[in-house]
Structure formats: C-alpha cells, structure tokens
Amino acid sequence: MELKLYFRMLQRGWWLVLLVALVSLLASLTASYLAIPRYKTTARFIITPGSLLTSEGSPETVIAGLETLDLPSVVATYTEVMGSQRILVDSLSYLGVKNFVPKDYTIDAVVLPESSVLELNVSGTDPQLVADLANAIGYQTILFTRSINRIYELNFLDEAAQPVAPYSPSPLRDAGLSLLLGLAGGAVLAILSEQIRVPLEAYRQRLQMDVDTGVYNNRYFTRLLEDEVSKNSSDVLSIGIIELNGMSDFTGTLPPQGVLRVLGSVTDTLRKELRGNDNIGRWNDNSFIVMLPMTSAESASRIFKRIYQSLLVPVDLHQYDVKINLDPHVGGGEYSNGITAQELIEKTIGALDQSKRDELNPVYVWEMRSPFWVQKDDVN
C-alpha cells in the first residue's frame, strides 16, 4: 500500500522529477565544460635489504633485517620521506621548475597492503609535469634514503608514464551520475512536496467550507461570486438565497445532532435540484445561497420553484419523534448591466424580503432591466 501511494505521488510530480534531473544533468555538463582537465600518474617502488646487510652481515643478521623490514614503521618512514616538503623542493629544483602552483597538484604516497611496495600518485593540470614530478620525487627519495641508510634500499618498481587522457572531468561518467542523483533527488522532492501539499490543500478547503453542511461558507462564496462577476462581466448569471424560517423555531430546542440532520437534509435537497456547475453556500444560520452560472432570471425562477416545493416536505427526525417544517422562502436576482457582486447580493436580499412579505409569492426573483428592477411574473 505504501509503495502504491508513493508511486501515485511520483506520477503526480513527474514534471518535478524530470525538471530536477535535467537541471542536475545541465549543471554537470556545464561544470565539465568549464573545469580544467586534471591528469594522474603512478610510480611504484620496492624496499629491499641493502648491499651492506647482504654482503657483510651474517645469515642471522640478514634474517633479522628481513624481519625488521616487515615492521610497519620501516615502510611508513619511507612513505613520509617521499611525501615530505624537502623531497618536493629538491625534485622541482632537479627538474628546473620555477612556476609551480602547489594547489594545482596532489602528491600522495601510500604503502600497498601486506607488502614492502610503495605507490606514489601525482595528479595535476600538466600531464608532462605530473609524470616528471613523480619520477623526480622517486629519484630524490632514493638518493636521500641511501645517504642516511645503507641497510635497506629503495628502488623503482615501475616508473611513472605520461598520462594520455585526463581522469577529471569525465563528462559521460559525471553526467550519468548527476542524472541518477537528479532523478533520486527529484523523486524525494516530489514526494515531499506532495506530502506538504495535501495538508495545505485540506487546510485550504477547511477554510472554504462550512463545518456543519460541507458547502461553501459565506466568506468564500462571496469571493467566488466576485470572481465570477469580474471574469464573466458580459455573461448572465443568477443567485438565490433560500431562507428556512422554520429553523429558528427548533434551533434552541433540538440537540446539535438533530440540527445537523436537518441541515444535511436541506443540503442534499439543494444538491439534487441543482446542476453540476452550480455553487452552494451557507449564508447564515438559517439560510443558504446558490449561484447559477449562465442562467437567466426566468430559468432561475423555475429552479427556485422546484427547490421551494422540495423543501416544503417536512424533515422527519424519527429518533426525536418530531417533524420539522422548514417554512422556506426564496429570493433571487439576475446579474446584468455590469453591477457589482455586492449590488447583486443586496438586490437578492431585497427580493427575499419581498417574498417574506408576500404570502402568495414565497419565491421572488428580480431581473435588471435598466434603469428599473422588475419582478418576474412566472415564479409560482
């Protein structure tokens, strides 16, 4: 289940994965293009018993010398000498190099495991110089150690050769690695962004919705209407406020669960009578507001009439042994002539007040016919 969830997150965030991978690949190729090539070479050396030990020493002395050669401190000493600043200076002087930039070159001497073999790695920006410098360091180390120690000798095992191709940058290798890292990083970022987005989306929806009914709250519905009016200033739309006067009679007497059941029943009725693109909001404690895009006052009249007839049916609360008469009234208004959303709401509230005053017309819809508002005739 977790894998399926992550897979769906990656499907939704595929563009983010691709974007991060492409950026990583582009950065790698750019870095490879701008980087200065570096070359690397290796020289190997071997430590053996010296002529003094083999020619003048007794067999016991030779054996003892060989045993001493096995001690890590002996080969470690040669390694330290090879990597010393003195040997480097002597080597550069030997080569006649004057403009040497230390930060451009790396010198590393190591002992190969379980052996008396030393390996010298030299890397830098000049392929000829790295080879010459590796061999010069080896030569100067041999001269220095022979001047102070005749028991053991250091000799070349393999001389350093001039490298043909740089070891860095390697565009193909670096690009492949960057692409893989970019894909992995993009996948992680896509999952994290999805996990962050879902709570934010849920929080945003909670700010938009009325807790008791699950429809839009007053503030968000008003903003939605303002957006619709500004976006479709030349199109017709209608809104309506459905007031349930009967709710004020039982709000203080019914338990909260009973009130929620009544509100849920009203919400279901509105959703059943309205179309898929219509919007429903909670206007106040005992009224709802609806927006009907691309709907004239005449068409809205018929829709509000159906809603009114449906809400005339009492809500039967079996668990409380009571039937709630909602006593609905509907006031509607049609948008036209470039009026503002607030003006449309005020006109609709005026139509609702008129429907409550007129016992014969519980559904009252107005339309704008400049410069006067006139009542629709076919509302009942």
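An account of the accompanying structure is given in this report.

Between two aromatic rings, the relevant description is the distance of the centres plus the angle of the planes. Taken as a whole and judged by the stated rule, the model has four aromatic pairs. Taking the centre distance of 5.4 Å and the plane angle of 35° together, the rings of Tyr94 and Tyr139 count as tilted. Here Tyr139 lies in helix α7 (residues 127-148) and Tyr94 lies in helix α6 (residues 85-95), a separation of 45 residues in the sequence. Of the residues examined, Tyr139 reaches a relative accessible area of 35% and is grouped as partly exposed.

Throughout the structure, instances matching the rule amount to 10 salt bridges. One salt bridge connects Lys103 with Asp104, and the closest N-O pair in it is separated by 3.5 Å. In this structure, Arg306 engages Glu273 in a salt bridge whose closest nitrogen and oxygen atoms are separated by 3.4 Å. With Arg306 in helix α12 (residues 297-311) and Glu273 in helix α11 (residues 256-273), this residue pair connects regions lying 33 residues apart in the sequence. The exposure class assigned to Glu273 is buried, which follows from its relative accessible area of 16%.

Here we come to the sheet that holds strand β2 (residues 106-111). Two strands in a sheet stick together by hydrogen bonds in their backbones, pointing the same way (parallel) or opposite ways (antiparallel). What the four strands build is an open sheet, ordered β2-β3-β1-β4; its pairing is antiparallel. The open sheet has two edge strands, β2 and β4 (152-158), and neither has a second partner. Across the sheet, the axes of successive neighbouring strands diverge by a mean angle of 25°, strand direction being ignored. As judged from the eight bridges shared by strand β1 (residues 39-49) and strand β3 (residues 117-124), these two strands associate in the antiparallel manner. Note that in β3 the partner of Phe45 across the bridge is Leu118. Sheet contacts for α7: β1, β2, β3 and β4; angle to β4, the most-contacted strand, approximately 160°.

Another aspect to go through is the nonpolar core. The biggest cluster of nonpolar side chains holds 30 residues, and the ones touching the most others in it are Phe304 and Leu326. Take this core: its biggest share by element is seven residues, from α12. Residues Tyr39, Phe45, Leu88 and Leu154 belong to the second largest nonpolar core, which totals 27 residues.

You can see Thr295 is positioned in the loop between β7 (287-293) and α12. For Thr295, a relative accessible area of 2% gives the class buried. A polar atom in the side chain of Thr295 sits 3.4 Å from the backbone oxygen of Leu292. If near-sequence neighbours (up to four positions away) are discounted, Thr295 is found in contact with Val236, Leu237, Ser238, Arg275, Ala300 and Ile303.

What counts and how
Residues numbered from 1 in each chain as written. Predicted model: local features only at pLDDT ≥ 70, side-chain atom pairs only at ≥ 80, totals over all residues. Heavy atoms only, no water. Phe/Tyr/Trp six-rings, centres within 6.5 Å; stacked < 30°, edge-to-face > 60°. Helix = DSSP H or I, 4+ residues; strand = E, 2+ residues; numbered from the N terminus. Buried < 20%, exposed > 50% of the residue type's maximum accessible area, 1.4 Å probe, protein only. Salt bridge = Lys/Arg side-chain N within 4 Å of Asp/Glu carboxyl O. Pairing = 2+ DSSP bridges. Axes fitted to C-alpha atoms, helices over the stretch in contact; angles between N-to-C directions. Contact = heavy atoms within 4.5 Å. Core = buried A, V, L, I, M, F, W, Y, C linked by side-chain atoms within 4.5 Å. Polar contact = N/O pair within 3.5 Å; in protein donor to acceptor, adjacent residues only side chain to side chain.

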